[in-house]
Structure formats: C-alpha cells, structure tokens
Amino acid sequence: MSSSIFYSISPRHPQAHSFVMRCLINDPDSAGQVVSLPSWIPGSYMIRDFAKNVTRINASAKGGGVPMEKLDKDSWRCDPCIGPLQIEYEVYAWDPSVRTARLDEAYGFFNGTSVFLRVHGKEESVCSVDIQPSDWCRENYWQVATGLDIKKIDSNGFGEYGSDNYDALIDYPVLMGALRRCPFKAGGVEHEMVLVGHFDLDEQRLTRDLAILCSHHINFFQSPAPMERYVFLVQVTTSGYGGLEHRNSSALMCSRDDLPVPGVEKMSDAYRTFLGLCSHEYFHSWNVKRIRPQAFVPYDLNHECYTRDLWVFEGITSYYDDQALCRCGLINAESYLELLGQTITRYLRTPGRRHQTLAESSFEAWTKFYKQDENAANAIVSYYTKGALVALCLDLQIRTETAGKKSLDDVMCLLWQRYGQTNEALPEGGAIAVVNEICGKSQDRFFDQALHSTAELPLQALLSGAGVVLNQRIAMNAQDKGGKEASETLPKVATGMRVQAENSTLRISHVLRDGPAQRAGLAPGDILVAIDNVQVSSKVLERLCQQKEPGDTIAVHLFRDSVLQLVNVVLAEPEADTAFLTMALVDADDKSVLWFH
Ligand code: ZN
C-alpha cells in the first residue's frame, strides 16, 4: 500500500474564518499515530503554536471512531488502529499577516505550517493535497495560486497538488480568491505576481520592473535560476507590510498605495519600498532557502533553532535588496544613497547597539527581536539593520583589500556554489572562512569587532574611501527618516523620549537610555498633559525643542496610572543621529566609479 499522505483543504466556511481539513494516512503507526502542527514557521523566528487554532479534531478508521489523546500543546496521538486512518479537523484562520492563515468572503490565504498535520515517522512520505472549491468559491470566481507541484487541477487552479515530503509541503503558501494574475518571464523562467484585494494597478509597469529585478538576481548568482517557476503571492490591504520567503514563492503584504498606478511614471517612495520588499524575498530564494544555515537543517519545528548567523541571511539580503534596484536601473544612485542613509539612521537611533552584539541579536531573535517591547530600542540592535551595514563594510573592505578585483558578490557566488548548489548546510560561522578566502587575507579582527562587540562600525572611513561622504545631523522632527539634507529648522534640544498622539493626548512610547526623560523619571505609557503649564500637543513639543537651550528645565505634568504628577526635565543637546550620504566625485557625472553600479 502506498505510504503517501493525502490531505484535503476547503474554504467551506469563510464567514467562520475556518478551513475544513482532512488528513488520510494509509498505514498508521501500529503503536498509535502521533500528529502535530509546527510551533513556528521558517523565516519568522518566534514560537507561534499554530495548533492553538485547531478548533475541532477527530479521527476514524474502518471500524468507526478512533480516540485521540492530546499529548502537549502541539500534538495528538490516535489509538492504534488498522489503516487507513482519517483525521478530520478545522483550523481557525483570521490572522492578517504572511505568517499564518486568513479566510473570509473576500479571499483565503494559508501557510502549510498552519494547516497541514505532521504525521510523525512519515515526514519523508510523498504528500498529496486536494484544494477543494466550495459553492462560495464557484459563485465568486475564486482561483488558486501556489508554488506547490501541480498534479491535476481545473482551470481555476482547484484540484490536486503534491510535494516530495512534509518539509517541502509546508514551504508553499496558497492564495485563493478573485485573483489578479500578472505573469512575466525572467531568466527563461515563468514568473507570476498574483494579487488579491482592492487596488488600482499599472500591470505593464509592475511586470516590466519585476522582470528586470528578477533577471538581475538570477544573473547575480551566475547560474540558471534554481526554480522551475516562481510566484509572488500578494495580499493588498490598507496599511499592511511584510514578506516571507519560500523556495519558489514568497508571501507578501502591502498597502494599495505601494502599487504603481496607470498614468504615473514617477518612482514613488512607497513603490520603491515595495520593489525593495520583492527584491528581498526573491534574493532569499538563494540566501537562506538554498544556502541554508546548519542550525536549520533539518528544521526542528517544535522548538527554537538557535544561530548566531542571521546577519548572513537577513543582513546580507537586506544589503542587496535595495542595491539591486540601483544596479538594474530601477532607481538612480542618489535614490540608493538616500535608502542607505535611512538604514544608517535607523542604526544610529538604536541606543541598544551599545548593549547587544550582532551575534547576540541573532541568537536571541526568538525572545528579543520578535518580542519587542517599549524598551527594545535601548536593549537590542536589529540583525537586519546592523547586518546590512556589516555587509556594506565587508563589501567595501574586500574591494579595498583586493584592489577592486573582488567584492561581496564573489563571496555570495562562492557560498552559492559550495553550499546552495550542493545542498550542503553552511556550518555556523562558515561565511567568515569564505570571506577570508575571497579576500586572500584574514578579516577575523573585523568580524570579532562587528559580530562580537558593540564597537561602532568603521562606516565613515570605508565610505569615504569609496567616494561617498557620511554626514550626520540632528533629526528635524519625528517624521524625519534621514537619508536627505535637512530642509527645516533643526531643534536645539532633545527630550530623550518618543511620543504617540492618542485621542488628542500624547502618550510616551519610548524613553531613551540615559536621556533627559529617563533622568527625570518619565516612563513609557505616561500621558503628557502640560509643559510649563500649557496643554501639550505634538506641535507644542516640536516648537519647544526649537526655542529652548540645552540645560533649560521644563515642568511636565503627566498622568501615570490616572494619578497627576509633576516632574522637571532638564533638556539636553540633541544627538546627530540622522545620516545622509553625498558623493565626493571628481567628475560629478561619472557615477560608474561608485561600487554599487
Ligand atoms: Zn528576510
């Protein structure tokens, strides 16, 4: 008898946000079949306990019902029985993100980690999935899009799909609904962006830009594309943002304002951000999905998997995502330098960079980066942001050491040849050896500092050697993301807190380490009432920072736990925590000398 595992899934109850599931096991474990759902999804390093969304589950075999015992938060054991064993269950799906599952009358989306039971002991069995349409789907012209292997489907994509094993099965998210399909070709491979939601779209421009971008990445790794087809699955919402990488697809969420619209040729900041997101997830097809860290081979999906190397997989990918837009001509050099300036600004505005190393940031991702609280800026540094800047430093350093003959590109290509194409896991710390090999000289001292200390990165010196000046200035206001010269009057003092407007009041969201607000005893959550006896607002606070001098004291009335308090805050000089980059070229027109061209 075949040892395949058969699944079926139906969006039968969109109003109840529930997928109706079935799992058929021909030859169940004679000692009692154990099944479970993963507790996390690869690419998003947080325990999410997907089994909590199973709202009903029961098993049956030839002789009738088979009792099931819940073993722990993630798993069940069926009583011993003669196969085939059938498990029917329902999964509640109402999480508006790319990491879980979502279903209503507008559309459905799911990751395999949220819905497909792992059949213990049979993880290597071939899997078959029947995606069944409900009457609702037929009446509303729903279609299905996924990277799963196609077996036998109808013209709308409902029907039978398959995968080689369980690990592969959960790497193919599925989008269903009234889909907008935008096909294009890149590197000789069929690609498609599939979108769902309410939006206006210049499809021609989108597919033209994506084809350029995807072709760039395929050429970057100097080999044929590693996938036979690729699909971007996009949920278009009002203000959503996010992405998750998979082997031959990615799940994205964007705002409808991020998409290009007919009649507007200008590159908006929002569309640039969206292309950067597509670039990031697509680059992951090589870096993390195929060049894989040892710690994830195999994935232990019921426990945290610890690695100090996320800077390689997220940092380097973040370095190349925006740079690729410039290299393939979708944005110009000035626009790229603005984005790089914004990345440096985010880094400079994180006091936590003086307290957590990059290796620690990666190792502690499960409890710190993914569970950020009001103290996060003081306590941690992002392995995306600092990782991208370490990649920048490495790139410039390698170019200097090799007199321009080699770069970080060569490191990535060697990693691809040695680990991606061979399917070998990259050992912990293994990227360092490859950098040293490409450089022809040990960079261990740089790595010791960059990964295992909180010393500042040598950005200024390396950028200046590459013809770019790193300028630092004071932030104009709370909206100032950096990347550009100041265009407004700069404040003369800093309060050392970040605030959020909430129903015509101001609430303190962050109190920065060792700043004026912290010294005065202000805390996140405090509601600001008045400063120097005048009712406070964002405008009042902004004006005050332009008029006062460092050393001046202000009287702050606030509510903490509904009790009125008065504290005196001694204002300080603002930090120059906002970066912008300018070109220092002899011939201003010759941008080809810049390293990112
Ligand atoms: Zn990423």
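Here, residues in each chain are numbered from 1, in the same order as that chain's written sequence. Note on the predicted model: pLDDT of at least 70 is required for a residue's local features to be given, and 80 or more for side-chain atom pairs to be given and counted; whole-chain, interface and lining totals, by contrast, use all residues. Based on all heavy atoms of the structure, the side-chain values leave hydrogens and waters out of the count.

A. Inspection of the sheet that holds strand β5 (residues 64-66) at higher detail. Pairing between strands requires that DSSP locate at least two bridges from one strand to the other. Numbered from the N terminus, helices here are DSSP runs of H or I no shorter than four residues, and strands are runs of E no shorter than two. The strand order across the open sheet formed by 8 strands is β5-β4-β8-β2-β1-β12-β15-β14, and the pairing between neighbours is mixed. Two strands close off the open sheet at either side, each with one partner strand: β5 and β14 (149-153). Strand-to-strand, the axes of this sheet are offset by a mean angle of 25 degrees, without reference to chain direction. Looking at chain direction, strand β1 (residues 5-13) and strand β12 (residues 127-131) are connected through 5 bridges and run parallel. Bridging from a neighbouring strand, tyrosine 7 pairs with valine 129 of β12. Only the stretch in contact is used when a helix axis is fitted, and all axes are lines through C-alpha atoms; the angle between N-to-C directions ranges over 0 to 180 degrees.

B. How the structure looks around the coordination of the zinc ion. For Na, K and Ca the donor cut-off is 3.2 Å; for every other metal, N, O and S atoms count as donors within 2.8 Å. Water does not enter the count, which can leave sites looking incomplete. Taken together, the protein ligands of the zinc ion are His280 (NE2), His284 (NE2) and Glu314 (OE), with distances of 2.0 to 2.1 Å. Taken in sequence order, the residues that donate to the zinc ion follow the motif H-x3-H-x29-E. Placement of the pair is histidine 280 in helix α5 (residues 269-283) and glutamate 314 in helix α6 (residues 310-327), with a sequence separation of 34 residues. Residue histidine 280 is classed as buried on the basis of its relative accessible area, which comes to 8%. Exposure is judged per residue with a 1.4 Å probe applied to protein chains only, and the accessible area is read against the type maximum: over 50% gives exposed, under 20% gives buried, and values in between give partly exposed.

C. Spatial organisation of the layout of surface pockets. Cavities and pockets are defined on a 1 Å grid built over the protein atoms alone: a cavity is a set of grid points where a 1.4 Å probe fits but cannot escape, while a pocket is an open set with protein on both sides within 12 Å along at least five of seven lines, and lining residues are those with an atom within 4 Å of any such point. Grid points are joined across faces, edges and corners, and a volume is the space filled by probe spheres set on the points. Approximately 970 Å³ is the volume attributed to the second largest pocket. Elements with a minimum of two residues in the lining of the second largest pocket: β14, β15 (159-163) and α3 (166-169). Per element, the largest residue contribution to the lining of the second largest pocket is 3 residues, and it comes from α3. Only Asp, Glu, Lys and Arg are considered charged in this grouping, and only Ala, Val, Leu, Ile, Met, Phe, Trp, Tyr, Cys and Pro are considered nonpolar; every other residue, Gly among them, is considered polar. Here the lining of the second largest pocket is built from residues that sort into 16 nonpolar, 8 polar and 14 charged.

D. Examining the pattern of salt bridges more closely. Any carboxyl oxygen of Asp or Glu that lies within 4 Å of a side-chain nitrogen of Lys or Arg is treated as forming a salt bridge with it. Under the criterion given, the structure shown has 29 salt bridges. Ionic pairing is found between glutamate 338 and arginine 272, a salt bridge with its closest N-O pair at 3.4 Å. Separated by 66 residues along the polypeptide, glutamate 338 in helix α7 (residues 333-348) and arginine 272 in helix α5 bring together distant segments of the chain. The pair formed by glutamate 338 and arginine 272 is uniform in burial state, with each residue classed as buried. Linking aspartate 526 and arginine 560 is a salt bridge whose minimum nitrogen-to-oxygen distance equals 2.8 Å. On the criterion of sequence distance, the pair formed by aspartate 526 in the loop between α15 (516-520) and β25 (527-531) and arginine 560 in strand β27 (residues 553-560) is long-range, its members being 34 residues apart. Using a relative accessible area of 1% as the deciding quantity, one classes aspartate 526 as buried. With a relative accessible area of 31%, arginine 560 lands in the partly exposed category. Within this structure, Asp269, Arg272, Glu338 and Lys484 form a network of salt bridges that share partners.

E. Local environment of the packing of aromatic side chains. Centre distance within 6.5 Å is the pairing criterion for rings of Phe, Tyr and Trp, where only the six-membered ring of Trp is used; planes under 30 degrees apart are then read as stacked, over 60 as edge-to-face, and the remainder as tilted. Applying the stated rule across the entire model yields 32 aromatic pairs. Pairing phenylalanine 19 with phenylalanine 110 gives two aromatic rings, centres 5.3 Å apart and planes at 75 degrees, and the pair type is edge-to-face. Separated by 91 residues along the polypeptide, phenylalanine 19 in strand β2 (residues 18-25) and phenylalanine 110 in strand β10 (residues 107-110) bring together distant segments of the chain. Take phenylalanine 19 and phenylalanine 110: they sit in the same class, and that class is buried. With centroids separated by 4.8 Å and ring planes inclined at 90 degrees, the aromatic side chains of tryptophan 595 and phenylalanine 596 adopt a geometry described as edge-to-face. By relative accessible area, which is 6% here, tryptophan 595 ends up buried. Joined through ring pairs, the aromatic side chains of Phe220, Phe221, Tyr230, Phe232, Tyr282, Phe283, Trp286, Tyr319, Tyr320 and Trp416 make up one cluster. Charge-over-ring contacts are defined here by two conditions on Lys NZ or Arg CZ: a distance within 6 Å of the ring centre and an angle within 35 degrees of the ring normal. When the ring centre of tyrosine 107 is taken as reference, the NZ or CZ atom of arginine 102 above it lies at 4.0 Å. Its end group placed over the ring of tyrosine 347, arginine 353 keeps NZ or CZ at 5.3 Å from the ring centre.

F. Main features of the environment of serine 114. With respect to the helices, strands and loops of the structure, serine 114 is situated in helix α1 (residues 112-115). For serine 114, a relative accessible area of 3% puts it in the buried group. Separated by 74 residues in sequence, serine 114 and tryptophan 40 place their C-alpha atoms 9.1 Å apart. If we skip the residues at most four places from it in the chain, serine 114 touches Leu37, Phe50, Val91, Arg99, Thr100 and Ala101. The criterion used for residue contact is that any of the two residues' heavy atoms lie within 4.5 Å.

These values are about where atoms sit, not about what they do.
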